[in-house]
Amino acid sequence: MNEPVTPKHALSCADDYDPNSMPVEKAREVIARFLEPISTVERANVRAALGRVLAEDVISPLDVPAHDNSAMDGYAVRHADLKSDGDVLLKVAGSSFAGAPYQGTLGAGQAVRIMTGGVVPRGADTIVMQEHATAQDDQVTIGKGHKQGQNLRKAGEDLAVGQVALKRGLALRPADIGLVSSLGIGEVAVYRRLRVAFFSTGDELVSIGSQPGAGQIFDSNRYTLYGMLTRLNCEVLDMGVVRDDPALLERAFSEAAAAADVVITSGGVSVGEADFVKELLERLGEVVFWKIAMKPGRPLAYGRIGGAHFFGLPGNPVSVMVTFYQIMRDALLRLSGRDPIPAIPTFKVPCVSSLKKAPGRTEFQRGILESDEHGTWSVRVTGEQGSGILRSMSEANCFIILPTEQGNVTPGTMVDVQVLEGVI
Ligand code: AMP
Ligand code: MG
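Keep in mind that what you see is a predicted model, and the values were worked out from it rather than measured.

Enquirer: How should the overall build of the protein be read in this particular structure?
Expert: Within the protein one finds eight helices and 26 strands. Computed over the C-alpha atoms, the radius of gyration of the protein is 30 Å, more than 25% above the 22 Å expected from 2.2 N^0.38 for a compact globule of 424 residues. Dimensions of the protein, computed from the C-alpha atoms along their principal axes, are close to 95 × 50 × 50 Å. Contacts in the protein between residues far apart in sequence, at least 24 positions, make up 71% of those at least 6 positions apart. Taken as a whole, the protein presents about 20,600 Å² of accessible surface, with 50% of it coming from carbon and sulfur.

Enquirer: Got a minute to help me understand the sheet that holds strand 17 (residues 262-266) in this structure?
Expert: Two orientations exist for strands paired in a sheet by backbone hydrogen bonds: parallel and antiparallel. Pairing is mixed across the open sheet formed by six strands, whose spatial order is 16-13-17-21-20-18. Each edge of the open sheet carries a strand with a single partner, namely strand 16 (235-242) and strand 18 (285-291). Across the sheet, the mean angle from the axis of one strand to that of its neighbour is 15°, orientation sign disregarded. For strand 13 (residues 195-201) and strand 17, the ladder comprises five bridges, and the chain directions are parallel. Following the sheet pairing, V196 is matched in strand 17 by V262.

Enquirer: Can you walk me through the packing of aromatic side chains in this structure?
Expert: For any two aromatic rings, the description comes down to two numbers: the centre-to-centre distance and the angle of the planes. If you walk through the whole model with that rule in mind, you get seven aromatic pairs. Ring centres of F364 and F399 lie 6.0 Å apart, and the angle between their planes is 75°; on these two criteria the pair is classed as edge-to-face. Here the residue F364 occupies a position in strand 23 (residues 362-371), and F399 occupies one in strand 25 (residues 398-402), the gap between them amounting to 35 residues. Neither residue differs from the other here; F364 and F399 are each classed as buried. Pairwise contacts between aromatic rings join F34, W290, Y302 and F311 into one cluster. The ring of Y75 has R113 sitting right over it, with the charged end atom 5.2 Å from the ring centre.

Enquirer: Teacher, can you tell me more about the nonpolar core here?
Expert: Among soluble globular proteins, nonpolar side chains are generally buried collectively. Counting 66 residues, the largest nonpolar core has I264, W290 and F324 as its most contacted members. No other element matches the 12 residues that helix 7 (residues 317-335) contributes to this core. Counting 20 residues, the second-largest nonpolar core is a separate cluster that includes A256, L280, I305 and F310.

Enquirer: Just to check I follow, could you spell out the pattern of salt bridges for this structure?
Expert: Pairs can form between side chains of opposite charge once their charged atoms are near each other. Throughout the structure, instances matching the rule amount to 19 salt bridges. A salt bridge links K91 to D138; its shortest N-O distance comes to 3.3 Å. Taken together, the residues K91 in strand 5 (residues 88-96) and D138 in the loop between strand 8 (133-136) and strand 9 (139-142) connect sequence positions 47 residues apart. Residue class for K91 comes out partly exposed when judged on its relative accessible area of 42%. We classify D138 as partly exposed; its relative accessible area is 39%. One salt bridge in this structure joins E395 and R391, with 2.6 Å as the shortest N-O distance.

Enquirer: Quick question: what am I supposed to make of the side chain of Q150 here?
Expert: Tracing the chain through its elements places Q150 in the loop between strand 9 and strand 10 (152-153). Judged by relative accessible area, which is 18%, Q150 ranks as buried. Reaching out from Q150, the side chain makes a polar contact with the backbone oxygen of I127 at a distance of 3.0 Å. Ignoring anything within four residues of it in the chain, the contact list for Q150 reads T126, I127 and V128.

Criteria and thresholds
- All residue numbers here refer to positions counted from 1 along the written sequence of the relevant chain.
- Written order determines the labels here, with chains lettered from A and ligands numbered from 1.
- Given that the model is predicted, a residue must reach a pLDDT of at least 70 before its local features are reported, and side-chain atom pairs must reach 80 or more before they are shown or counted; all residues, however, enter totals for whole chains, interfaces and linings.
- To obtain the side-chain values, all non-hydrogen atoms of the structure were included, while hydrogens and water were left out.
- Secondary structure counts use DSSP, requiring at least four H or I residues in a row for a helix and at least two E residues in a row for a strand, with both numbered from the N terminus.
- A radius of gyration in this sense is built from C-alpha atoms; the matching globule rule multiplies 2.2 Å by the number of residues raised to 0.38.
- It only takes one pair of heavy atoms within 4.5 Å for two residues to be counted as in contact.
- Here the accessible surface of atoms and residues is derived via Shrake-Rupley with a 1.4 Å probe, and residues count as covered only by protein chains that are part of the display.
- DSSP bridges decide pairing: two strands pair if at least two such bridges lie between them.
- Fitted lines through C-alpha atoms give the axes, limited to the stretch in contact for helices. The angle between two N-to-C directions lies from 0 to 180 degrees.
- The rule is short: rings of Phe, Tyr and Trp, with Trp giving its six-membered ring, pair when the centres are within 6.5 Å, and they are stacked under 30 degrees, edge-to-face over 60, tilted in between.
- Relative accessibility thresholds used throughout: buried, under 20% of the residue-type maximum; exposed, over 50%; partly exposed, between the two (1.4 Å probe, protein chains only).
- Throughout this description, the term charge over a ring refers to an Arg CZ or Lys NZ atom that lies within 6 Å of the ring centre and within 35 degrees of the ring normal.
- Only buried Ala, Val, Leu, Ile, Met, Phe, Trp, Tyr and Cys residues count toward a nonpolar core, and they belong to the same one when joined by side-chain atoms within 4.5 Å.
- By definition, a salt bridge exists where a carboxyl oxygen of Asp or Glu is found within 4 Å of a side-chain nitrogen of Lys or Arg.
- Any N or O atom pair separated by 3.5 Å or less is treated as a polar contact, with the protein-specific requirement of one donor-capable and one acceptor-capable atom, and with residues adjacent in sequence counted only for side-chain atom pairs.

Next up, the structure:
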């Protein structure tokens, strides 16, 4: 009999696997093997579909544009009437304005006044822009040098009937809902949204509205998680703060797993701190603990509890966000039905700061990408890089990615940056 493919099993089969120093890329790869995207389909009207993931291709029921039409204000003419060596005088037989086409057929020696978007009359094959024509009474003079078919948008040149307008797996953006409505389509098939439950763990945490006692701090992870999950268009289920108490944690894990597709926790996954979390998760599901070779964001737990995916993130606020961007984003997008998953724009710019970096882990330092008065871009670091300093994420607009083997960085060195805006 085949052994079941579980995270642990998959890992034991991986050749170069070291749970104490898991490369970021490897962690993404292993997790990706267990992600079965949502398959439930709903119908959403075009406005409500903004941000939702298409469950079917949108096929164009029409030619776009529907008719040959003019790209300019000017005159619709028969190219055969024009002269190659001089002026021709044509009779203006009528007009074709956007929404009010010329009803007749253009005869020899005739022109029709036409405005941008106006339907090209039968018989006409060329548009002469008004700057190249001289009108007088009901006649117009047109010179030489016009190409047949110029300034004319052909029916179906944007999209032909039956052509795929938008592909399954796309999350609809403003341009896309505009395109859908341009096809006269009022409703599209989308996947149901991913349900994500999350809670913070820690005896030191209090929520807004409570007075922190000695050694206590306000919970921030639930708020950054709420923000990031909402931006990814997930349905969020905020389960609050759970004390470091085995019975309370067990109840929270079970409730979350029953209610959601994905369970995310922060805090309490570092070694030694709370071995009971490990024991608990081993009892409730199938969970592996990794130390990812990244900074910040070293400890990570991943697995399944009941029918839900489980991600145990570290407690430090910056670690939560970095782990989310680097590992959770792609996993959640895949589960949501996104296909392909848009890569986060990453490129090289000179770094104006000097950066401290020890070889051994991939670092995601927080940076500010900016351009000078000449339009030349560079990046500087946001100051202190401790994994508890959430202000560094708030000030940053990019990660500076320093590869594993990289040491200190001197000013002027080219570094990889990854933009934060628009990717979550
Ligand atoms: P832990 O992973 O539980 O050992 O937590 C690591 C650090 O992150 C500790 O300083 C915690 O106080 C802090 N921390 C854990 N959870 C949160 C949270 N939800 N909000 C803010 N800080 C947190
Ligand atoms: Mg803790």
